[in-house]
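Structure assessment
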Amino acid sequence: QVQLVQSGAEVKRPGASVKVSCKASGYTFSTYGITWVRQAPGQGLEWMGWVSAYNGNTNYAQNLQGRLSMTTDSSTSTAYVELRSLRSDDTAVYYCARRGGLDLDYWGQGTLVTVSS
Amino acid sequence: DIQMTQSPSSLSASVGDRVTITCRASQGIRNDLGWYQQKPGKAPKRLIYAASSLQSGVPSRFSGSGSGTEFTLTINSLQPEDFATYYCLQHNSYPWTFGQGTKVEIK
């Protein structure tokens, strides 16, 4: 069965960077892209961007451009999102999700990133 | 960017009620829309894809309709486990955008 398992919670200082991982299993990793979505406390869902697990192509949300990197490692079937120059409003649960041909069919369990001094 | 306007933002309903949630796109998105259910502390779960196709394993009381700019999620005979927040997502063009969410609460 398809599973996406994310890394554990992180606490970071403002200005630092965070890298969250998403390990996929149960399907051929390179066949599908990975999308990252975040959710600030008590708020709705925000699309962050997408990375192709086939060729590494990316598409990022404009408001995160310059601070955001999405990568994949096909040898371990793992996707990564890195966010730099963290601010307090980056505090959120970060989700990875498989782009299953259309939209998002399988989701990771979420990773809480807290940015606090 | 395509804006997705979801309504209502919240509603109160009783077990057995029929519930309708609407998403309106700021421009035509064909049927490139999905509906998701999210319970507190959990990841979203896809209910509907391509505007009207039921995700495998999702109860048939959930249905989706619409095309272009107007979309509807209907829950027939609301069950206790359906109390949650629902989101639409357009994937017609980047950046993908979610509706603001509809919280379905117990009356």
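Up top you'll find the structure we're talking about.
The shown structure was predicted, so the numbers you read here are calculated from the model rather than taken from an experiment.

Re the sheet that holds strand E1 (residues 3-6) of chain A
All names here are of chain A. Pairing is antiparallel in the open sheet, where four strands are placed in the order E1-E3-E8-E7. Pairing within the sheet leaves two strands with one partner each, and these edge strands are E1 and strand E7 (68-73). The sheet shows a mean angle of 20° between the axes of neighbouring strands, direction not considered. Pairing between E7 and strand E8 (residues 78-83): six bridges, direction antiparallel. Within the sheet, the bridge partner assigned to Asp73 lies in E8 and is Thr78.

Side note on the interface of chain A and chain B
On the side of chain B, 18 residues touch chain A, which itself brings 18 residues to the contact. Taking both sides of the interface into account, the surface hidden between chain A and chain B amounts to around 1600 Å²; carbon and sulfur atoms contribute 63%. Where chain A packs against chain B, one counts one salt bridge. Salt-bridge contacts for Asp103 of chain A lead to Arg46 of chain B; the nearest nitrogen and oxygen are separated by 2.4 Å. Remark: the boundary between chain A and chain B carries eight residue pairs in polar contact (both at pLDDT 80 or more). When residues of the side of chain A that touches chain B are traced back to their parent elements, those giving at least two are strand E4 (33-39), strand E5 (46-52), strand E9 (92-99) and strand E10 (104-107) of chain A. Classifying every residue of the side of chain A that touches chain B by side-chain character gives eight nonpolar, six polar and four charged.

What to know about the pairing of strand E9 (residues 85-90) of chain B
Residue and element names in this part refer to chain B. E9 sits mainly inside the fold: six of its six residues count as buried. Going residue by residue along E9, you find Thr85, Tyr87 and Leu89 tucked away on one face and Tyr86, Cys88 and Gln90 tucked away on the opposite face as well. Bridging between strand E4 (residues 33-38) and E9 involves six bridges; their strand directions are antiparallel. Bridge pairing in E9 places Gln37 opposite Tyr86. Sheet topology places E9 next to strand E11 (residues 102-106); two bridges connect them, and they run antiparallel. Residue Thr85 lies in a different strand from E11, and its bridge partner there is Lys103.

With respect to the pairing of strand E5 (residues 45-49) of chain B
All names here are of chain B. The pairing of E4 with E5 spans three bridges and is classified as antiparallel. Looking at E5, one finds that Trp35 is bridged to Ile48. Between E4 and E5, which pair antiparallel and follow one another directly, the connecting turn spans six residues, one of which, Gly41, has a positive phi of 75°. Pairing analysis gives two bridges linking E5 to strand E6 (residues 53-54), with the strands arranged antiparallel. Bridge pairing links Tyr49 to Ser53 in E6. Where E5 folds back onto E6 in an antiparallel hairpin, the turn is made up of three residues, including Ala50, whose phi is positive at roughly 50°.

Focus: the side chain of Asp105 of chain A
With respect to the helices, strands and loops of the structure, Asp105 of chain A is situated in strand E10. For Asp105 of chain A, a relative accessible area of 13% puts it in the buried group. Reaching out from Asp105 of chain A, the side chain makes a polar contact with the side chain of Arg98 of chain A at a distance of 2.7 Å. Excluding residues that lie within four positions of it along the chain, Asp105 of chain A makes contacts with Arg98 and Gly100 of chain A together with Arg46 of chain B.

How each quantity is defined
- Residues numbered from 1 in each chain as written.
- Chains lettered and ligands numbered in written order.
- Predicted model: local features only at pLDDT ≥ 70, side-chain atom pairs only at ≥ 80, totals over all residues.
- Heavy atoms only, no water.
- Pairing = 2+ DSSP bridges.
- Helix = DSSP H or I, 4+ residues; strand = E, 2+ residues; numbered from the N terminus.
- Axes fitted to C-alpha atoms, helices over the stretch in contact; angles between N-to-C directions.
- Contact = heavy atoms within 4.5 Å.
- Buried area = accessible area lost by both parts, 1.4 Å probe.
- Salt bridge = Lys/Arg side-chain N within 4 Å of Asp/Glu carboxyl O.
- Polar contact = N/O pair within 3.5 Å; in protein donor to acceptor, adjacent residues only side chain to side chain.
- Nonpolar A, V, L, I, M, F, W, Y, C, P; charged D, E, K, R; others polar.
- Buried < 20%, exposed > 50% of the residue type's maximum accessible area, 1.4 Å probe, protein only.

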